[in-house]
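Here is how the chains run, residue by residue.
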Amino acid sequence: MGKTVNPYHSALPGDHFDGVRFFNPGHAETDRGLRDLLRWRLREKAAPWPRWVASRQTVPDALVAGLRATIVGHASVLVQAGGLNVLTDPVWSERASPLSFAGPRRVSAPGIAFEALPPIDAVLLSHNHYDHMDMATLRRLHGAHGPLIVTPLGNDAILRRAIPGVRVVTGDWWERIDIGKGGEVTVVPAYHWSARTGRDRRMALWSGFVLSTTGGSAYFAGDTGYGDGRIFREVRQRIGRPDLALLPIGAYEPRWFMSPQHVDPNEAVQILEDLEAIRGVGIHWGVFRLTNEPRDQPPELLLEALARRGVAEELFPAGEPGLSYEPGRESS
Ligand code: ZN
Ligand code: ZN
(Lines give C-alpha, C1' and ligand atoms only; values in the text may rest on other atoms or scores of the structure.)
(Ligands and ions follow the chains in the order given, each with its own letter.)
Protein backbone atom coordinates (compact mmCIF):
# COMPACT_ATOMS: atom_id res chain seq x y z
CA MET A 1 0.00 0.00 0.00
CA GLY A 2 1.29 3.45 -0.92
CA LYS A 3 1.38 6.35 1.46
CA THR A 4 -1.94 8.20 1.70
CA VAL A 5 -1.71 11.58 0.02
CA ASN A 6 -4.03 14.51 0.58
CA PRO A 7 -4.78 15.96 -2.88
CA TYR A 8 -6.28 19.18 -1.46
CA HIS A 9 -3.94 20.41 1.23
CA SER A 10 -0.36 19.91 2.32
CA ALA A 11 1.10 21.27 5.52
CA LEU A 12 2.98 20.13 8.56
CA PRO A 13 0.89 18.52 11.31
CA GLY A 14 -0.77 20.99 13.68
CA ASP A 15 -3.36 20.95 16.45
CA HIS A 16 -6.20 19.96 14.06
CA PHE A 17 -4.26 18.44 11.12
CA ASP A 18 -2.25 15.22 11.31
CA GLY A 19 -0.31 15.75 8.06
CA VAL A 20 -2.96 14.01 5.92
CA ARG A 21 -6.34 14.55 7.59
CA PHE A 22 -7.98 17.26 9.65
CA PHE A 23 -9.56 16.33 12.99
CA ASN A 24 -11.52 17.86 15.89
CA PRO A 25 -9.18 18.25 18.86
CA GLY A 26 -10.66 17.03 22.13
CA HIS A 27 -13.85 15.87 20.45
CA ALA A 28 -15.56 12.48 20.00
CA GLU A 29 -14.72 10.49 16.86
CA THR A 30 -16.84 11.45 13.83
CA ASP A 31 -15.67 8.57 11.62
CA ARG A 32 -18.21 5.77 11.31
CA GLY A 33 -17.49 2.33 9.93
CA LEU A 34 -19.68 0.28 7.65
CA ARG A 35 -21.09 -1.58 10.65
CA ASP A 36 -22.49 1.58 12.20
CA LEU A 37 -23.75 2.80 8.84
CA LEU A 38 -25.61 -0.48 8.28
CA ARG A 39 -26.94 -0.48 11.83
CA TRP A 40 -28.36 3.02 11.25
CA ARG A 41 -29.74 2.26 7.78
CA LEU A 42 -31.15 -1.20 8.47
CA ARG A 43 -32.16 -1.24 12.12
CA GLU A 44 -33.39 2.28 12.74
CA LYS A 45 -36.66 3.46 11.31
CA ALA A 46 -36.64 6.73 9.41
CA ALA A 47 -39.85 8.75 9.78
CA PRO A 48 -41.72 9.35 6.51
CA TRP A 49 -41.56 12.89 5.09
CA PRO A 50 -44.13 14.63 2.90
CA ARG A 51 -43.21 14.63 -0.80
CA TRP A 52 -43.76 18.36 -1.09
CA VAL A 53 -44.37 21.25 1.27
CA ALA A 54 -45.61 24.62 -0.02
CA SER A 55 -43.34 27.48 1.01
CA ARG A 56 -43.04 31.18 0.45
CA GLN A 57 -40.88 32.87 -2.13
CA THR A 58 -39.66 36.42 -1.68
CA VAL A 59 -37.79 39.03 -3.72
CA PRO A 60 -35.12 40.53 -1.48
CA ASP A 61 -34.14 44.22 -1.47
CA ALA A 62 -30.97 44.98 -3.42
CA LEU A 63 -29.19 46.37 -0.36
CA VAL A 64 -29.73 46.39 3.40
CA ALA A 65 -27.88 48.91 5.57
CA GLY A 66 -28.51 47.03 8.83
CA LEU A 67 -28.62 43.23 9.11
CA ARG A 68 -31.18 40.88 7.61
CA ALA A 69 -31.12 37.13 6.98
CA THR A 70 -33.53 35.63 4.43
CA ILE A 71 -33.88 31.85 4.40
CA VAL A 72 -33.40 30.10 1.06
CA GLY A 73 -33.67 26.64 2.63
CA HIS A 74 -31.55 24.03 4.46
CA ALA A 75 -28.20 25.80 5.18
CA SER A 76 -28.63 28.37 2.40
CA VAL A 77 -29.29 31.86 3.73
CA LEU A 78 -28.98 35.29 2.13
CA VAL A 79 -27.31 37.48 4.74
CA GLN A 80 -27.50 41.19 3.92
CA ALA A 81 -25.44 43.37 6.19
CA GLY A 82 -23.83 46.78 5.95
CA GLY A 83 -24.43 46.92 2.19
CA LEU A 84 -22.93 43.46 1.58
CA ASN A 85 -24.89 40.55 0.12
CA VAL A 86 -23.57 37.18 1.28
CA LEU A 87 -24.86 33.64 0.73
CA THR A 88 -24.17 30.74 3.05
CA ASP A 89 -23.77 27.21 1.61
CA PRO A 90 -25.91 27.94 -1.46
CA VAL A 91 -27.92 25.00 -2.81
CA TRP A 92 -30.55 25.62 -5.47
CA SER A 93 -30.34 22.11 -6.94
CA GLU A 94 -33.14 19.57 -6.85
CA ARG A 95 -31.00 17.06 -4.93
CA ALA A 96 -28.27 17.25 -2.29
CA SER A 97 -26.20 14.56 -3.96
CA PRO A 98 -23.30 13.89 -6.33
CA LEU A 99 -25.89 12.43 -8.70
CA SER A 100 -28.65 14.36 -10.45
CA PHE A 101 -31.03 11.36 -10.42
CA ALA A 102 -30.56 9.95 -6.90
CA GLY A 103 -30.05 11.11 -3.35
CA PRO A 104 -32.06 13.38 -1.03
CA ARG A 105 -34.53 15.48 -3.01
CA ARG A 106 -35.79 18.85 -1.79
CA VAL A 107 -39.35 18.92 -0.47
CA SER A 108 -39.77 22.69 -0.75
CA ALA A 109 -38.74 25.32 -3.26
CA PRO A 110 -35.90 27.78 -2.55
CA GLY A 111 -37.25 30.80 -0.64
CA ILE A 112 -35.64 33.11 -3.20
CA ALA A 113 -35.69 32.32 -6.94
CA PHE A 114 -32.11 32.23 -8.25
CA GLU A 115 -32.92 34.99 -10.76
CA ALA A 116 -34.28 37.20 -7.95
CA LEU A 117 -30.99 37.30 -6.03
CA PRO A 118 -29.43 40.73 -5.52
CA PRO A 119 -25.76 41.10 -6.62
CA ILE A 120 -23.83 38.61 -4.47
CA ASP A 121 -20.50 39.81 -3.04
CA ALA A 122 -19.39 36.69 -1.20
CA VAL A 123 -20.26 33.08 -0.41
CA LEU A 124 -19.44 31.44 2.92
CA LEU A 125 -18.85 27.76 2.16
CA SER A 126 -18.58 25.72 5.36
CA HIS A 127 -17.53 22.27 4.10
CA ASN A 128 -17.70 19.90 1.18
CA HIS A 129 -20.69 17.66 2.02
CA TYR A 130 -23.19 17.67 -0.85
CA ASP A 131 -25.96 19.41 1.09
CA HIS A 132 -23.55 22.38 1.53
CA MET A 133 -21.17 22.39 -1.46
CA ASP A 134 -23.40 22.18 -4.53
CA MET A 135 -21.18 22.58 -7.56
CA ALA A 136 -24.06 23.27 -9.97
CA THR A 137 -25.19 26.23 -7.87
CA LEU A 138 -21.64 27.51 -7.29
CA ARG A 139 -20.95 27.35 -11.03
CA ARG A 140 -24.13 29.29 -11.73
CA LEU A 141 -23.28 31.89 -9.09
CA HIS A 142 -19.78 32.29 -10.51
CA GLY A 143 -21.27 32.93 -13.96
CA ALA A 144 -23.95 35.35 -12.79
CA HIS A 145 -22.28 37.19 -9.87
CA GLY A 146 -18.59 36.19 -9.64
CA PRO A 147 -18.68 36.22 -5.81
CA LEU A 148 -15.65 35.69 -3.60
CA ILE A 149 -15.99 32.24 -2.03
CA VAL A 150 -14.62 32.07 1.52
CA THR A 151 -14.03 28.51 2.68
CA PRO A 152 -11.78 26.55 5.05
CA LEU A 153 -8.48 24.95 3.97
CA GLY A 154 -8.43 22.47 1.11
CA ASN A 155 -11.81 23.27 -0.42
CA ASP A 156 -10.18 25.67 -2.90
CA ALA A 157 -8.61 22.71 -4.73
CA ILE A 158 -12.02 21.08 -5.20
CA LEU A 159 -13.58 24.34 -6.41
CA ARG A 160 -10.77 25.26 -8.81
CA ARG A 161 -10.91 21.88 -10.46
CA ALA A 162 -14.66 22.17 -11.02
CA ILE A 163 -15.01 25.90 -11.79
CA PRO A 164 -12.22 27.45 -13.87
CA GLY A 165 -11.54 31.05 -12.82
CA VAL A 166 -13.49 30.74 -9.56
CA ARG A 167 -12.68 33.44 -6.98
CA VAL A 168 -11.85 31.59 -3.78
CA VAL A 169 -9.94 32.34 -0.61
CA THR A 170 -9.30 29.81 2.14
CA GLY A 171 -8.69 30.24 5.82
CA ASP A 172 -7.73 28.08 8.75
CA TRP A 173 -9.77 28.22 11.97
CA TRP A 174 -9.60 31.71 13.52
CA GLU A 175 -8.22 33.32 10.38
CA ARG A 176 -9.79 36.65 9.37
CA ILE A 177 -10.46 37.47 5.75
CA ASP A 178 -11.25 40.92 4.36
CA ILE A 179 -14.17 40.73 1.91
CA GLY A 180 -14.34 44.42 1.04
CA LYS A 181 -16.93 47.17 1.74
CA GLY A 182 -15.85 47.15 5.36
CA GLY A 183 -16.74 43.48 5.80
CA GLU A 184 -14.61 40.81 7.42
CA VAL A 185 -15.12 37.06 7.79
CA THR A 186 -13.58 34.97 10.56
CA VAL A 187 -13.35 31.24 9.86
CA VAL A 188 -14.28 29.56 13.15
CA PRO A 189 -14.06 25.94 14.34
CA ALA A 190 -16.93 23.46 14.08
CA TYR A 191 -17.11 19.87 15.31
CA HIS A 192 -17.72 18.07 12.04
CA TRP A 193 -15.95 16.25 9.20
CA SER A 194 -15.86 16.20 5.43
CA ALA A 195 -15.92 13.84 2.45
CA ARG A 196 -16.72 14.29 -1.20
CA THR A 197 -15.63 10.92 -2.56
CA GLY A 198 -14.93 7.54 -0.94
CA ARG A 199 -11.24 8.42 -0.52
CA ASP A 200 -11.01 11.96 0.84
CA ARG A 201 -12.47 11.70 4.32
CA ARG A 202 -11.46 14.73 6.45
CA MET A 203 -8.93 15.91 3.83
CA ALA A 204 -10.54 19.36 3.46
CA LEU A 205 -11.37 21.38 6.57
CA TRP A 206 -14.88 22.26 7.86
CA SER A 207 -15.86 25.40 9.76
CA GLY A 208 -18.39 27.96 10.80
CA PHE A 209 -18.02 31.70 10.13
CA VAL A 210 -18.56 35.06 11.74
CA LEU A 211 -19.41 37.83 9.28
CA SER A 212 -18.60 41.24 10.75
CA THR A 213 -19.89 44.33 8.93
CA THR A 214 -20.75 47.97 9.57
CA GLY A 215 -24.43 46.89 9.72
CA GLY A 216 -23.98 44.11 12.29
CA SER A 217 -22.51 40.66 12.73
CA ALA A 218 -23.79 37.18 11.95
CA TYR A 219 -22.56 33.77 13.06
CA PHE A 220 -23.14 30.83 10.71
CA ALA A 221 -22.44 27.48 12.35
CA GLY A 222 -22.09 25.31 9.24
CA ASP A 223 -22.61 21.71 10.42
CA THR A 224 -21.49 20.97 13.94
CA GLY A 225 -21.85 18.75 16.97
CA TYR A 226 -21.89 20.31 20.43
CA GLY A 227 -19.19 18.35 22.29
CA ASP A 228 -17.86 20.33 25.23
CA GLY A 229 -19.17 23.62 23.80
CA ARG A 230 -15.73 25.19 24.12
CA ILE A 231 -15.56 26.40 20.51
CA PHE A 232 -18.79 28.40 20.86
CA ARG A 233 -17.76 30.14 24.08
CA GLU A 234 -14.44 30.91 22.41
CA VAL A 235 -16.23 32.65 19.52
CA ARG A 236 -17.96 34.86 22.10
CA GLN A 237 -14.66 35.61 23.85
CA ARG A 238 -12.54 36.23 20.77
CA ILE A 239 -14.99 37.96 18.40
CA GLY A 240 -17.85 39.16 20.60
CA ARG A 241 -21.62 38.67 20.72
CA PRO A 242 -23.07 38.09 17.25
CA ASP A 243 -26.26 39.99 16.44
CA LEU A 244 -27.69 37.00 14.61
CA ALA A 245 -26.78 33.29 14.93
CA LEU A 246 -27.76 30.88 12.15
CA LEU A 247 -27.86 27.55 13.94
CA PRO A 248 -28.63 24.05 12.64
CA ILE A 249 -31.63 22.39 14.30
CA GLY A 250 -32.21 19.37 12.02
CA ALA A 251 -30.53 16.10 10.91
CA TYR A 252 -29.89 14.79 14.44
CA GLU A 253 -31.44 11.30 14.70
CA PRO A 254 -30.41 8.67 15.67
CA ARG A 255 -28.38 10.42 18.37
CA TRP A 256 -25.93 7.50 18.88
CA PHE A 257 -24.82 8.06 15.29
CA MET A 258 -25.30 11.80 14.77
CA SER A 259 -24.40 13.53 18.02
CA PRO A 260 -20.64 14.02 17.33
CA GLN A 261 -21.45 15.74 14.01
CA HIS A 262 -24.92 17.37 14.26
CA VAL A 263 -26.51 19.21 17.19
CA ASP A 264 -30.14 18.69 18.15
CA PRO A 265 -32.48 21.64 18.89
CA ASN A 266 -31.68 21.58 22.61
CA GLU A 267 -27.94 21.87 21.89
CA ALA A 268 -28.64 24.62 19.36
CA VAL A 269 -30.24 26.66 22.17
CA GLN A 270 -27.16 25.96 24.26
CA ILE A 271 -24.98 27.38 21.45
CA LEU A 272 -27.20 30.49 21.31
CA GLU A 273 -26.55 30.96 25.02
CA ASP A 274 -22.80 30.21 24.73
CA LEU A 275 -22.50 32.83 21.98
CA GLU A 276 -24.74 35.26 23.87
CA ALA A 277 -26.18 36.02 20.43
CA ILE A 278 -28.92 38.67 20.32
CA ARG A 279 -31.10 36.37 18.22
CA GLY A 280 -30.96 32.88 16.70
CA VAL A 281 -32.55 31.44 13.57
CA GLY A 282 -32.90 27.68 13.12
CA ILE A 283 -31.63 26.32 9.79
CA HIS A 284 -30.68 22.92 8.28
CA TRP A 285 -34.15 21.41 8.66
CA GLY A 286 -37.28 20.68 6.61
CA VAL A 287 -35.82 20.74 3.07
CA PHE A 288 -33.73 17.57 2.57
CA ARG A 289 -34.42 14.37 4.47
CA LEU A 290 -30.95 13.28 5.58
CA THR A 291 -31.68 11.52 8.86
CA ASN A 292 -34.42 9.78 10.81
CA GLU A 293 -36.46 12.43 12.59
CA PRO A 294 -39.88 13.52 11.22
CA ARG A 295 -39.77 16.71 9.15
CA ASP A 296 -41.69 18.84 11.64
CA GLN A 297 -39.93 17.65 14.77
CA PRO A 298 -37.02 20.18 14.87
CA PRO A 299 -39.26 23.27 15.34
CA GLU A 300 -41.35 21.40 17.95
CA LEU A 301 -38.29 20.35 19.95
CA LEU A 302 -36.86 23.85 19.56
CA LEU A 303 -39.98 25.35 21.17
CA GLU A 304 -39.78 22.81 24.00
CA ALA A 305 -36.10 23.54 24.59
CA LEU A 306 -36.70 27.30 24.66
CA ALA A 307 -39.58 26.92 27.12
CA ARG A 308 -37.53 24.62 29.36
CA ARG A 309 -34.66 27.12 29.43
CA GLY A 310 -36.87 30.18 29.85
CA VAL A 311 -35.77 31.75 26.54
CA ALA A 312 -38.48 33.76 24.71
CA GLU A 313 -39.70 32.00 21.53
CA GLU A 314 -39.15 35.03 19.31
CA LEU A 315 -35.46 35.05 20.20
CA PHE A 316 -34.89 31.78 18.32
CA PRO A 317 -37.48 30.92 15.64
CA ALA A 318 -37.12 27.98 13.25
CA GLY A 319 -36.31 29.70 9.96
CA GLU A 320 -38.81 29.28 7.12
CA PRO A 321 -37.88 29.63 3.42
CA GLY A 322 -38.81 33.03 2.04
CA LEU A 323 -38.97 34.69 5.47
CA SER A 324 -36.53 37.32 6.71
CA TYR A 325 -35.11 37.73 10.20
CA GLU A 326 -33.45 40.74 11.80
CA PRO A 327 -31.82 40.91 15.24
CA GLY A 328 -34.41 43.26 16.70
CA ARG A 329 -37.57 42.37 14.81
CA GLU A 330 -40.17 39.67 14.28
CA SER A 331 -39.93 37.77 10.99
CA SER A 332 -41.45 39.37 7.91
ZN1 ZN B 1 -21.94 18.01 6.82
ZN1 ZN C 1 -25.42 19.31 6.48
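Our structure's up above, just so we're on the same page.
Residues numbered from 1 in each chain as written. Chains lettered and ligands numbered in written order. Predicted model: local features only at pLDDT ≥ 70, side-chain atom pairs only at ≥ 80, totals over all residues. Heavy atoms only, no water.

(A) Broad picture of the pattern of salt bridges. All told, the structure shown has 18 salt bridges when counted by the stated rule. Note that Glu326 is salt-bridged to Arg68, the shortest N-O span being 2.8 Å. Within this pair, whereas Glu326 is found in the segment after strand E13 (324-325), its partner Arg68 is found in strand E1 (residues 67-73), the two being separated by 258 residues in sequence. Across the pair, Arg68 and Glu326 agree in class, each one buried. In this structure, the salt-bridge partner of Glu115 is Arg140, at a minimum N-O distance of 3.0 Å. With Glu115 in the loop between strand E3 (84-88) and strand E4 (122-124) and Arg140 in helix H2 (residues 135-144), this residue pair connects regions lying 25 residues apart in the sequence. What makes Glu115 exposed here is its relative accessible area of 63%. (Salt bridge = Lys/Arg side-chain N within 4 Å of Asp/Glu carboxyl O. Helix = DSSP H or I, 4+ residues; strand = E, 2+ residues; numbered from the N terminus. Buried < 20%, exposed > 50% of the residue type's maximum accessible area, 1.4 Å probe, protein only.)

(B) Spotlight on the coordination of the zinc ion (ligand 2). The zinc ion (ligand 2) binds to the protein through Asp131 (OD), His132 (NE2), Asp223 (OD) and His284 (NE2); the donor distances cover 2.1 to 2.2 Å. In this structure, the zinc ion (ligand 2) is coordinated by four donor atoms arranged in irregular fashion, with angles at the metal of 85 to 155 degrees. Expressed as a motif, the donor residue spacing for the zinc ion (ligand 2) is D-H-x90-D-x60-H. In this structure, the zinc ion (ligand 2) lies 3.7 Å from the zinc ion (ligand 1), and both are coordinated by Asp223. An identical accessibility class is assigned to Asp131 and His132; each is buried. (Donors = N, O, S within 2.8 Å, 3.2 Å for Na, K, Ca; no water. Tetrahedral: all angles 85-135°; square planar, octahedral: opposite > 155°, others 65-115°.)

(C) Structural detail: helix H3 (residues 155-162). For H3, the complete set of buried residues consists of Asn155, Asp156, Ile158 and Leu159. Along the axis of H3, the buried positions cluster into a sector of 160 degrees, meaning they face one direction only. (Arc of directions from axis to C-beta.)

(D) Up close: the packing of helix H4 (residues 230-239) against helix H6 (residues 265-275). Put simply, H4 and H6 touch, their axes get as near as 8 Å, and they point 30 degrees apart. On the basis of the axis angle, H4 is roughly parallel to H6. Viewed along their axes, H4 and H6 form a crossing whose handedness is right-handed. Note on element contacts: H6 touches H4 through Ile271, Asp274 and Leu275, opposite Phe232, Arg233, Val235 and Arg236. For the contact of H4 with H6, the per-class residue count stands at four nonpolar, no polar and three charged. (Axes fitted to C-alpha atoms, helices over the stretch in contact; angles between N-to-C directions. Parallel < 35°, antiparallel > 145°, perpendicular 65-115°, else oblique. Left-handed = near helix turned anticlockwise from the far one by under 90°. Contact = heavy atoms within 4.5 Å. Nonpolar A, V, L, I, M, F, W, Y, C, P; charged D, E, K, R; others polar.)

(E) Looking closely at the coordination of the zinc ion (ligand 1). Each protein donor to the zinc ion (ligand 1) is listed here as His127 (NE2), His129 (ND1), His192 (NE2) and Asp223 (OD); together their distances run 2.1 to 2.4 Å. Of note is the zinc ion (ligand 1), whose four donor atoms meet at the metal with angles of 91 to 169 degrees in an arrangement that counts as irregular. Mapped onto the sequence, the donors of the zinc ion (ligand 1) take the spacing H-x1-H-x62-H-x30-D. Given a relative accessible area of 10%, His129 falls into the buried group.

(F) Representation of the nonpolar core within the structure. Core analysis: the biggest nonpolar cluster contains 61 residues, and Ile179, Tyr219, Leu247 and Phe316 have the highest contact counts within it. Among residues more than four places away in sequence, those in contact with Leu247 are Tyr219, Ala221, Ala268, Ile271, Leu272, Leu275, Val281, Gly282, Ile283 and Phe316. Ranked by size, the runner-up nonpolar core spans 24 residues in total, among them Val20, Ile112, Phe114 and Ile149. (Core = buried A, V, L, I, M, F, W, Y, C linked by side-chain atoms within 4.5 Å.)

(G) Molecular detail of the packing of aromatic side chains. Scanning the model with the defined rule gives seven aromatic pairs in all. On the basis of an interplanar angle of 80 degrees and a centroid distance of 5.6 Å, the ring pair of Trp256 and Phe257 is categorised as edge-to-face. Judged by its relative accessible area of 5%, Phe257 is buried. One aromatic cluster is present, formed by Phe17, Phe22 and Trp206 through successive ring pairs. (Phe/Tyr/Trp six-rings, centres within 6.5 Å; stacked < 30°, edge-to-face > 60°.)

Geometric descriptors of this kind do not, in isolation, establish any biological role.
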